[in-house]
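Observations on the model geometry
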Amino acid sequence: MNCGRAMADWILQAREALQQGPAALVTILATEGSAPRGPGARMIVTETELAGSIGGGALEHQATQQARAILAHPPGTWRVQDYPLGPFLGQCCGGRVRLLVERLEKAPAGEGPFEVTLSEHVERMLPNGQRPATVEARGPLPTAGTRFLEPVETDCLPVQMFGAGHVGRAIAERATGLPLVMAWYDSRPEMAETPGVVLATESEMVAEAAAAPEGAAILILTHDHALDYRITAAALGGRARFVGLIGSKSKRARFVSRLTKDGVDAARLICPIGVPGIGGREPEVIAIAALAQLLMVKDAR
C-alpha cells in the first residue's frame, strides 16, 4: 500500500478512465527535500476528471495542466518534468519533484511494481531477473532508452508541522525511521539553519495548511497564538484528516469559540495533542505522545 492507494488501484482507475476516453498518468518518480507526496504517488487525469493525487496545491494544478495538454498527443507520448517547489509554483515546501507525464495507451496487466522502459512509448513489464535502478531527483532528465524500476510510495502518513520550537525539534528528532513524511515549517529567520526546517512567511504557512492533501496530518505548534489560529482555521477549512494544536484545554475552548464565530467547523481539532493519559509537559514527552498519536492516525486510515 502507498500513502493514498494501492498500486493496483491506479491500474483500475486507469482502466476505468480509458473506457471513457483519453487519459493521462502523472507519476512522481523522485523527490528531494520537503515534498507533499513521495515517489510512487500517482494521478489519473482526463479532460474533466482527476483520480488520485500527487499532493494537491500548485504542483498538482500545474501537473494537471501538463497532463491535459498531453492528451492532444498520440497515445504513448511522454515527458519527464522537474518542478522546484519554490517561487516558480508559489509553494514554500523547498523541495524538488521529478514527474513522468504520459498519455496512456492501455492499463498494464498485473499489479506491479513494473520495470519501465522509455522509448517512443512508455513500456511496462514485470521485472525479470536483475532489477534496474530507480530514478534520482537530480541529474539529467531520463531520455529514450532509460530503464528504471517504477517507484512505490511507502505506507506512510504525510505530516505538515508548523513551528520549530522545543517541541517541534523534539518531534523531528524522534520521527526518524517512522512511517511519516514530514514537511516542517517556521517563519523565524533564526530557524533557517535548523536541519529539516523550511523557512516560510506566515502567509505561506497558512496557504500550505489550507492545501494539505486529503489524509494528511497537521501539527500546529508555532511561537505565536495568532499564527496558531490562522493556521488552524486554514487547516480545518482544508482536506487534512488530522489537525492537532499544541496547548491546553482552555486554549482549545478559546480557539473553538472563535472558530465557531468565524464559521469554521472545529470538530476535527485535536487539542491538546498527544495520546491521552500521558501528562508530562517536557518537550520529549510531548513529542513521543504526539508521534504515537500520528501512528494511530496512520493505521486508522
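Here, every reference points to the structure presented above.
What you are looking at is a predicted structure, and each value in this text was computed from that prediction instead of being measured.

1. Here we look at the packing of helix α5 (residues 225-236) against helix α6 (residues 249-261)
At a minimum axis separation of 11 Å, α5 and α6 run at an interaxial angle of 60 degrees. As judged from the angle between their axes, α5 and α6 are oblique. Crossing handedness for the pair α5 and α6: right-handed. On α6, the residues touching His 225, Asp 228, Tyr 229, Thr 232, Ala 233 and Leu 236 of α5 are Lys 251, Arg 254, Phe 255, Arg 258 and Leu 259. The class makeup of the residues in the contact of α5 with α6 is five nonpolar, two polar and four charged.

2. A short note on the packing of helix α4 (residues 202-210) against α5
Where α4 contacts α5, the two axes come as close as 7 Å, and the packing angle between them is 25 degrees. When the axis of α4 is compared with that of α5, the two are roughly parallel. The handedness of the crossing between α4 and α5 is right-handed. Each of Glu 202, Ser 203, Met 205, Val 206, Ala 209 and Ala 210 in α4 lies in contact with α5, whose residues at this interface are Leu 227, Arg 230, Ile 231, Ala 234 and Ala 235. Residues belonging to the contact of α4 with α5 are distributed by class as follows: eight nonpolar, one polar and two charged.

3. What to know about the environment of Tyr 83
Here Tyr 83 is to be found in strand β4 (residues 78-84). For the pair Tyr 83 and Gly 196, spaced 113 residues apart in sequence, the C-alpha to C-alpha distance is 19 Å.

4. A short note on the sheet that holds strand β5 (residues 96-103)
If you trace the five strands from one edge of the open sheet to the other, you get β3-β2-β1-β5-β4, paired in antiparallel fashion. Here the strands that pair on one side only, and so sit at the sheet edges, are β3 (50-52) and β4. Across the sheet, the axes of successive neighbouring strands diverge by a mean angle of 20 degrees, strand direction being ignored. Here strand β1 (residues 24-32) runs beside strand β2 (residues 42-45); their pairing, made up of four bridges, is antiparallel. In the strand pairing of β2, Val 26 is matched with Met 43.

5. Topic: the nonpolar core
Within the largest apolar cluster, 28 residues are counted, with the highest numbers of intra-cluster contacts made by Ile 218, Ile 231 and Leu 259. No other element matches the seven residues that α5 contributes to this core. If sequence neighbours within four positions are ignored, Ile 231 has contacts with Phe 162, Met 205, Val 206, Ala 209, Ile 220 and Thr 222.

6. A short note on the side chain of Glu 102
With respect to the element layout, Glu 102 can be found in strand β5. Setting aside chain neighbours within four positions, we find Glu 102 in contact with Ala 23, Ala 24, Leu 25, Ile 70, Thr 77, Trp 78, Val 122 and Arg 124.

7. A word on empty space enclosed by the protein
Tallied over the entire structure, the rule returns one cavity of 30 Å³ or more. Considered as a void within the structure, the largest cavity measures approximately 80 Å³ in volume. Ala 35, Pro 36, Val 159, Gln 160 and Ala 183 are, among the twelve residues lining the largest cavity, the residues nearest its centre. Elements supplying a minimum of two residues to the lining of the largest cavity: β9 (157-162) and β10 (180-186). Considering only residue class, the lining of the largest cavity consists of ten nonpolar, one polar and one charged.

8. Description of the pairing of β5
Of all eight residues in β5, eight are buried; the element is thus mostly enclosed. Of the two faces of β5, both are covered, the one formed by Arg 96, Arg 98, Leu 100 and Glu 102 as well as the one formed by Val 97, Leu 99, Val 101 and Arg 103. When β1 meets β5, the two strands line up antiparallel, connected through eight bridges. Its bridge partner being in β5, Leu 25 is matched across the sheet by Glu 102. Bridge count between β4 and β5: seven bridges; the pairing is antiparallel. The residue of β5 that forms the bridge with Tyr 83 is Val 97.

9. So, the packing of aromatic side chains
Using the criterion set out here, one finds two aromatic pairs in the structure. Here the aromatic rings of Phe 162 and Tyr 185 are separated by 5.2 Å at their centres, their planes lie at 20 degrees, and the arrangement is stacked. Of this pair, Phe 162 sits in strand β9 while Tyr 185 sits in strand β10, placing them 23 residues apart in sequence. We note that Phe 162, like Tyr 185, is buried. Centroid distance Tyr 229 to Phe 255: 5.5 Å. Interplanar angle 70 degrees. Geometry classified as edge-to-face. A residue pair is termed long-range when its members are at least 10 positions apart, and Tyr 229 in helix α5 and Phe 255 in helix α6 qualify at 26 residues. By relative accessible area, Phe 255 is classed as buried at 7%. Positioned over the ring face of Tyr 229 is Arg 258, at 3.8 Å from the centre of the ring.

Procedures and definitions
Residues numbered from 1 in each chain as written. Predicted model: local features only at pLDDT ≥ 70, side-chain atom pairs only at ≥ 80, totals over all residues. Heavy atoms only, no water. Axes fitted to C-alpha atoms, helices over the stretch in contact; angles between N-to-C directions. Helix = DSSP H or I, 4+ residues; strand = E, 2+ residues; numbered from the N terminus. Parallel < 35°, antiparallel > 145°, perpendicular 65-115°, else oblique. Left-handed = near helix turned anticlockwise from the far one by under 90°. Contact = heavy atoms within 4.5 Å. Nonpolar A, V, L, I, M, F, W, Y, C, P; charged D, E, K, R; others polar. Pairing = 2+ DSSP bridges. Core = buried A, V, L, I, M, F, W, Y, C linked by side-chain atoms within 4.5 Å. Buried < 20%, exposed > 50% of the residue type's maximum accessible area, 1.4 Å probe, protein only. 1 Å grid on protein atoms, 1.4 Å probe; cavity = no way out; pocket = protein on both sides within 12 Å on 5 of 7 lines; lining within 4 Å. Points joined across faces, edges and corners; volume = space filled by probe spheres on them. Phe/Tyr/Trp six-rings, centres within 6.5 Å; stacked < 30°, edge-to-face > 60°. Lys NZ or Arg CZ within 6 Å of the ring centre and 35° of its normal.

Interpretation in functional terms is not warranted from these geometric data alone.
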